[in-house]
Amino acid sequence: MNPAERGPDRVALAAFAGVVLLGGTNFVAAKFTIRELAPFWGAGTRFLAAAAILFAIVFARRLPLPKGGALIGAVIYGTLGFFVFYALAYYALDHLPAGIVSVTAASAPLLTLLLAVAQRLESFRWRGLAGAVLAIAGVAIMAGRGAGADLHLPAILAVIGAAASASEAGLLLKRFPGSHPITTNAVGMATGAVLLIAASVLTGEPRTVPTTTSTWVALLYLVALGSVALFILFVIALNRWTASGVSYQFVLFPVVAVLLSAWLLDERMTLPMAAGGALVLAGTYVGALSGRRVSPTEPEAPLEAQASAAGRGPPC
């Protein structure tokens, strides 16, 4: 039976739960690393190590590396999805609470829908417009004076730009021939890592080695669990469930991030932050998640499309 016609099985739900837990925790772990590591340098070393692990898997399983159009797509995907996205996200994390960054980033499904309509990949829906209005109102409230002095507009705009970059990276993958998702992400992460480290050199960032235990633990987590394991669980969930179902991860990330931030980082939750975040999540749900119907003949997500081209086999 087509996965669009059935609900998730236990494996899919377990993988989905893992994605939500790891993805939400990533915001807090990254916040720990930028306390000691410069943003470009910290993100670059993270993805360089993660790419090395993925390439080890590629060679161990003798997976074919992308060529031609697939290679171009993987490089563009890495540039937008890992370099631009994380450059903006780490900048935002250096100025905003991790919980607020995760809440604003939850607009990614809505931005994907709006970009797809603009590029004529999907038809216009009034729900999308209504969701955009709600999300923009929520961002305005969070960026207002009542949300705290550290919630300045450039950082909020950086989060939105990061989410838009990730959304566009996914849409562009549909325009290029597919390859195995592990090899695509290995090339993408390596591309992003090189660009991030180059940006670190050009901007004169201090390129230091972590000296505290908390930074090392956060960095190792981001490499092994927050990058490699998260990606594998994401692909497993996509292979066994619909992409529209898995997309609810973006709405649930903030729940994990806000709770962990309050516990580990002592970040205070104010009323404007909660109200604005609720509007962003409501806008994301109305505009991108509610009322959606899956077509069994059309792939919904770049990774799902790539997995289909690779035979839909699970990556591990």
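This one's a predicted model, so the numbers in the text were calculated from it and none came from an experiment.

**A few points about the overall build of the protein chain**
Along the protein chain, the regular secondary structure elements total 13 helices and 0 strands. Each helix (α) and strand (β) of the protein chain, taken in turn from the N terminus, gives the series α-α-α-α-α-α-α-α-α-α-α-α-α. Across the 316 residues in the protein chain, those meeting the buried criterion constitute 51%. In the protein chain, 91% of the contacts between residues at least 6 apart in sequence involve partners at least 24 apart. Of the roughly 14000 Å² of accessible surface on the protein chain, 69% is carried by carbon and sulfur atoms.

**Some details on the environment of Ser227**
Along the polypeptide, Ser227 turns up in helix α9 (residues 213–240). Taking the C-alpha atoms as reference points, Ser227 and Phe47, 180 residues apart in sequence, are found 7.8 Å from one another. Those residues in contact with Ser227 that sit more than four places away from it in its chain are Arg46, Phe47, Ala50, Met189 and Leu222. Of the polar contacts made by the side chain of Ser227, one reaches the side chain of Arg46; its length is 3.1 Å.

**With respect to the packing of aromatic side chains**
For the structure shown, the criterion picks out 6 aromatic pairs. In textbook terms, an aromatic cluster arises when at least three aromatic residues are bridged by ring pairs, as seen for Phe47, Tyr77, Phe82, Phe85 and Tyr86. Positioned above the aromatic ring of Phe32, the side-chain terminus of Arg35 is 5.1 Å from the ring centre.

**Notes on the packing of helix α2 (residues 39–61) against helix α8 (residues 181–202)**
Following both chains from N to C, one finds α2 and α8 inclined at 155°, their axes separated by 7 Å at the closest point. The angle between α2 and α8 places the two elements in the roughly antiparallel class. Seen along the crossing, α2 lies across α8 with a hand that is left-handed. Within the contact of α2 with α8, the residues separate by chemical class into 20 nonpolar, 4 polar and 1 charged.

**Things to note about helix α1 (residues 10–33)**
Helix length check: α1, at 24 residues, gives a terminal C-alpha distance of 34 Å against a target of 34 Å (1.5 Å per residue), a fit within 8%. Helix geometry: α1 is bent most strongly at Asn26, by close to 30°. Within α1, 18 of the 24 residues are buried, which leaves it mostly tucked inside the rest of the structure.

**Re helix α3 (residues 68–93)**
For α3, with 26 residues, the first-to-last C-alpha span of 36 Å sits near the 38 Å given by 1.5 Å per residue. Within α3, the axis deviates most sharply at Tyr86, by approximately 30°.

**Notes on the side chain of Asn26**
Residue position: Asn26 is located in helix α1. Take Asn26: its relative accessible area is 10%, and that puts it in the buried class. With residues up to four places along the chain from it excluded, the contact list for Asn26 reads Arg46, Tyr221, Leu222, Gly226 and Leu230.

**Here we look at the environment of Leu252**
On the secondary structure map, Leu252 appears in helix α11 (residues 249–265). As a C-alpha pair, Leu252 and Val19 span 233 residues in sequence and 9.9 Å in three-dimensional space. With residues near it in sequence (within four places) discarded, Leu252 still touches Phe16 and Val20.

**Thoughts on the environment of Ala30**
With respect to the helices and strands, the residue Ala30 is situated in helix α1. Classification of Ala30 by relative accessible area gives buried; the value is 3%. Remark: the alpha-carbon pair of Ala30 and Thr215, spanning 185 residues in sequence, is separated by 9.1 Å. Ignoring sequence-local partners within four residues, the contact set of Ala30 consists of Tyr90, Leu93 and Leu222.

**As for the nonpolar core**
Counting 62 residues, the largest nonpolar core has Phe47, Leu54, Tyr86, Tyr90, Leu96, Val101 and Met189 as its most contacted members. At the level of secondary structure, the elements contributing two or more residues to this core comprise α1, α2, α3, α4 (98–105), α7 (153–173), α8, α9 and α11. Discounting residues that sit within four places of it in the chain, Val101 has contacts with Phe27, Ala92, Leu93, Leu96 and Val159.

**A word on the packing of α3 against α8**
Interhelical geometry of α3 versus α8 gives an angle of 50° and a closest axis separation of 7 Å. If you check the angle between α3 and α8, you find them oblique. In the packing of α3 onto α8, the handedness of the crossing is right-handed. Residues Leu71, Ala74, Val75, Tyr77, Gly78, Thr79, Phe82, Phe83 and Ala87 of α3 touch α8, and the partners they reach there are Thr184, Asn185, Val187, Gly188, Met189, Thr191, Gly192, Leu195, Leu196 and Ala199. Classifying every residue of the contact of α3 with α8 gives 12 nonpolar, 7 polar and no charged.

Cut-offs applied
Residues numbered from 1 in each chain as written. Predicted model: local features only at pLDDT ≥ 70, side-chain atom pairs only at ≥ 80, totals over all residues. Heavy atoms only, no water. Helix = DSSP H or I, 4+ residues; strand = E, 2+ residues; numbered from the N terminus. Buried < 20%, exposed > 50% of the residue type's maximum accessible area, 1.4 Å probe, protein only. Contact = heavy atoms within 4.5 Å. Areas by Shrake-Rupley, 256 points an atom, 1.4 Å probe, with all protein chains shown as cover. Polar contact = N/O pair within 3.5 Å; in protein donor to acceptor, adjacent residues only side chain to side chain. Phe/Tyr/Trp six-rings, centres within 6.5 Å; stacked < 30°, edge-to-face > 60°. Lys NZ or Arg CZ within 6 Å of the ring centre and 35° of its normal. Axes fitted to C-alpha atoms, helices over the stretch in contact; angles between N-to-C directions. Parallel < 35°, antiparallel > 145°, perpendicular 65-115°, else oblique. Left-handed = near helix turned anticlockwise from the far one by under 90°. Nonpolar A, V, L, I, M, F, W, Y, C, P; charged D, E, K, R; others polar. Expected span 1.5 Å × (residues − 1). Bend = angle between axes of the 7 residues up to and from the residue. Core = buried A, V, L, I, M, F, W, Y, C linked by side-chain atoms within 4.5 Å.

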